[in-house]
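The residues making up each chain are set out below.
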Amino acid sequence: MSLNPAQQEAVNTLSGPMLVLAGAGTGKTRVVMHRVVNLIRHGVAPSRILAVTFTNKAAREMQHRAAELLGKRQSQAKPEISTFHSLCVRILRRQIHHLGYPSQFAIYDRGDQESVARAALREIRVSETTMRPGDLIQVISRWKMAGIDPTRAGSVAQSDKEHLAAAGYRRYQNALKAAGAVDFDDLLGLTGEVFSRHADVRREEAARFDHVMVDEYQDTNAAQYRIVKALAAEHRNLCVVGDDDQSIYAWRGAEVTHILRFKNDWPDAKTVRLETNYRSTRQILDWSNRLIAFNKVRHAKVLRATASGEEPRILQVQDETAEAKLVVEEIARAVAARRARHGDFAILFRTNEQPRPFEDELRRAKVPYVLVGGTSFYDRKEIRDVLAYLKLLVNPRDEISLLRVINTPGRGIGQTTVTRLVEAAVGQGKPVWDALANAEQYGCVSPAVLKAIGAFRELIGRYRKLSKAGPLVDMVRSLVDEIGYRDELARLYPNPDDVQTRWASVEEVVNAVGGYCQRESRPTLSGFVQEVALGDRDTSDDKESRLAGDAVALMTLHSAKGLEFPAVYMVGMEEGLLPHKRSIADAAGAIDEERRLCYVGLTRAERRLTLTMALTRRKWGKARPTLPSRFLYEITGQADNPNYLASVRKAPGGAAPASNNSRQTGRQ
DNA sequence: GACTCGAGTCCCGCC
DNA sequence: GACTCGAGTC
């Protein structure tokens, strides 16, 4: 397919700032990729080109397409295509020492963050009923994204809760720094900080590239915005691509204003609008346009369809099991009749609890599927245990990992001992790891425990050396073996099948290390651990990609952004799910974002679009009645239907509407 | 220090 | 329904 004039313009403008305002399905990824190729064709070295995405999935997709387009031309050198977070990790590995962190810093994921937050709350004597670790993390994250450091948090805190959080923030941040660790927000924030504090560092990093492209620019938050500006300041070859109607990350600080005021930041910027939609049928676009028009604050766009097709459907079922059955049966039937392939289908949902019944049905029907995103693999206990060992080998100051493995599997260092050691370490302002060396000084530690501590230190020290010397895979395998992790699993899980599956995931970690070592020219354990923390899953282990070749895709609406499928099922179209109950309770703007999220879902579909809703949905063990999503009424042009108003007003999970007829929300 | 049992809590979305 | 946490017991 050749490029249309607008796309052509975006592809051919190779220098200077440019804003590409692209509606859904107008080929914006295509434009970015062709620009990359065009730049290379004009003699720009691939390594001088940086393209930034938000999700790993988008980065992988782009890398893949770039390789395809470039073909034999440049098989060696590749443009740098990565997420903001992995870009920042690379920058920080080189530069974070300027801020007093070790170069091999640990990245704390959500679980680690919670542990740190829990400890911080304990320190300031706030009970978890007053403030849960998750709440604290949320406030801290908001502050970090706004560039507020712990010293300033106290002055911006408004409520009592925020004052507590400000105190918690100080402890939290101190603990991270003491452990030589950063959280996800720090990755962006510290990169910005090192740039603003050290002009030479900024120039050095900016000088690595001559061209910068940012996809989904409407989703940049303040920190990302600063980083983009810092990297493009000199060469000014900055091309950003986005669509304000698809801004769905306000909850992590994204500001649509960045894309709206691009022309102010870069006055000589060229603007290109892409408005021809090549993806969806006219019928699907009609629904999408009708929906998004309910958002009052937006840049009106005219999306022109290029194809016509069948009317989308709304289906109503009894409960979530019936919903899964219906969808999976339809898919299986279509594939059996050779009308479609498994890979043509995507099942999109709002929350991560929704895919479960679908997975059950898909397995039962022997339909291949890929559950995209969902950090479930790395959330498993056994994976976290093994990874904690690896993280500790990289960085013995990593307290969270140390505490996780110090007595896992049990080696006789009990809770009492650990508490005593932690208190001693905190008292002296030293890492717990150092306290282990002088455990006997802290009294009340029996000879047996001392011996266990000594053995543990020896173990970690020895494997630390091995991790720097020999092949990583062998090291990990031997470590897992030596700590007797398999026996530990057998002890914990009486059912041999459980032991088997859990041991299989431990093997997966070993495989992941192997995959990492294969594609990295200079593999290091810290590199692997950081990659894992970013969720940058193993792509060379082509199990996923092979499966993805012809498997039904299951994913959240958020991770579906940027993708397209011949047939899309949007499931759980109910008040409380989409829009989510938290957004219903929130300020007015939150519903608009849910609507954009719904819009993103609708516009993923090329030819077939099906929305489903269940009359009851099981929650915390009980089936509860639901209300149809208000978006169903808006989509079908029934916003004057009295039930629409009921949806809008009713709290989720409330009583069922008066009659069953009220649930006839659309064509069946 | 390890284990069992019952009460209480529970989650939006992503890197 | 699933999981965590704390109290109580060995």
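None of these values were measured; they are calculated from a predicted model. (Residues numbered from 1 in each chain as written. Chains lettered and ligands numbered in written order. Predicted model: local features only at pLDDT ≥ 70, side-chain atom pairs only at ≥ 80, totals over all residues. Heavy atoms only, no water.)

*Asks:* Give me the lowdown on the overall build of chain A, citing residues and values where you can.
*Replies:* From N to C terminus, chain A includes 32 helices and 18 strands. Taking 2.2 N^0.38 as the reference for a compact globule, 668 residues should give roughly 26 Å; the C-alpha atoms of chain A span a radius of gyration of 26 Å, in line with that estimate. Dimensions of chain A, computed from the C-alpha atoms along their principal axes, are close to 80 × 60 × 55 Å. In chain A, which comprises 668 residues, the share counted as buried stands at 54%. Split by element, the accessible area of chain A, about 29,500 Å² in all, is 50% carbon and sulfur. Across chain A, the 98 positively charged side chains and the 81 negatively charged ones have centroids separated by 1 Å. (Helix = DSSP H or I, 4+ residues; strand = E, 2+ residues; numbered from the N terminus. Rg over C-alpha atoms; globule rule 2.2 N^0.38 Å. Buried < 20%, exposed > 50% of the residue type's maximum accessible area, 1.4 Å probe, protein only. Areas by Shrake-Rupley, 256 points an atom, 1.4 Å probe, with all protein chains shown as cover. Lys, Arg positive; Asp, Glu negative; His and termini not counted. Charge placed at Lys NZ, Arg CZ, Asp CG, Glu CD.)

*Asks:* Explain the protein's contact with DNA strand B to me, and be specific about the residues and the numbers.
*Replies:* Contacts to DNA strand B come from 28 residues, most closely from Arg132, Arg350, Asn352, Thr416 and Arg491. Arg252 is positioned with one of its side-chain polar atoms (N or O) 2.9 Å from a base oxygen of DNA strand B. Between DNA strand B and Thr556, the relevant distance is 2.9 Å, taken from a phosphate oxygen to a side-chain nitrogen or oxygen of the residue. At the level of elements, helix H20 (415-428), helix H28 (557-560) and helix H29 (581-585) are the ones that each hand at least two residues to the surface near DNA strand B. Taken together, the residues of the surface near DNA strand B break down into 6 nonpolar, 15 polar and 7 charged. (Near = heavy atom within 4 Å. Polar contact = N/O pair within 3.5 Å; in protein donor to acceptor, adjacent residues only side chain to side chain. Nonpolar A, V, L, I, M, F, W, Y, C, P; charged D, E, K, R; others polar.)

*Asks:* Could you give me a rundown of the nonpolar core, with the residues and numbers involved?
*Replies:* It is characteristic of soluble globular proteins that their nonpolar side chains tend to be buried jointly. Counting residues in hydrophobic clusters, the biggest one holds 54 residues, and the most contacted among them are Leu390, Phe456 and Phe528. At 9 residues, helix H18 (residues 381-394) tops the list of elements feeding residues into this core. Setting aside its immediate chain neighbours within four residues, Leu390 contacts Met475, Val476, Leu479, Leu525, Phe528 and Val529. With 43 residues, the next largest nonpolar core counts Leu99, Leu190, Val212 and Tyr217 among its residues. (Core = buried A, V, L, I, M, F, W, Y, C linked by side-chain atoms within 4.5 Å. Contact = heavy atoms within 4.5 Å.)

*Asks:* I'd like a rundown of the environment of Ala490, residues and numbers included.
*Replies:* With respect to the secondary-structure elements, Ala490 resides in helix H24 (residues 485-492). Taking relative accessible area as the criterion, Ala490 reaches 43% and is therefore assigned partly exposed. Taking the C-alpha atoms as reference, Ala490 lies 9.7 Å from Arg502; in sequence the two are 12 residues apart.

*Asks:* Outline the packing of helix H2 (residues 28-41) against helix H3 (residues 56-70), supporting the account with residue identities and numerical values.
*Replies:* Here H2 crosses H3 at 45°, and the two axes come no closer than 10 Å. By the angle between their directions, the pair H2 and H3 is classed as oblique. Between H2 and H3 lies a crossing of right-handed hand. Where H2 approaches H3, its residues Thr29, Arg30, Val32, Met33, His34, Val37 and Ile40 are matched on the opposing element by Met62, Arg65, Ala66, Leu69 and Leu70. Within the contact of H2 with H3, the residues separate by chemical class into 8 nonpolar, 2 polar and 2 charged. (Axes fitted to C-alpha atoms, helices over the stretch in contact; angles between N-to-C directions. Parallel < 35°, antiparallel > 145°, perpendicular 65-115°, else oblique. Left-handed = near helix turned anticlockwise from the far one by under 90°.)

*Asks:* Explain the packing of aromatic side chains to me, using residue names and the numbers behind them.
*Replies:* Each aromatic ring pair is described using two quantities: the centre-to-centre distance and the angle formed by the ring planes. According to the stated counting rule, one finds 8 aromatic pairs in the structure shown. With a centroid separation of 5.8 Å and an interplanar angle of 85°, the aromatic rings of Tyr217 and Phe262 are classed as edge-to-face. Taken together, the residues Tyr217 in the loop between strand S6 (211-214) and helix H11 (222-232) and Phe262 in helix H13 (residues 262-265) connect sequence positions 45 residues apart. Using a relative accessible area of 1% as the deciding quantity, one classes Tyr217 as buried. Given the relative accessible area of 0%, Phe262 is considered buried. On the numbers, 6.0 Å between centres and 65° between planes, the contact of Tyr633 with Tyr644 is edge-to-face. (Phe/Tyr/Trp six-rings, centres within 6.5 Å; stacked < 30°, edge-to-face > 60°.)

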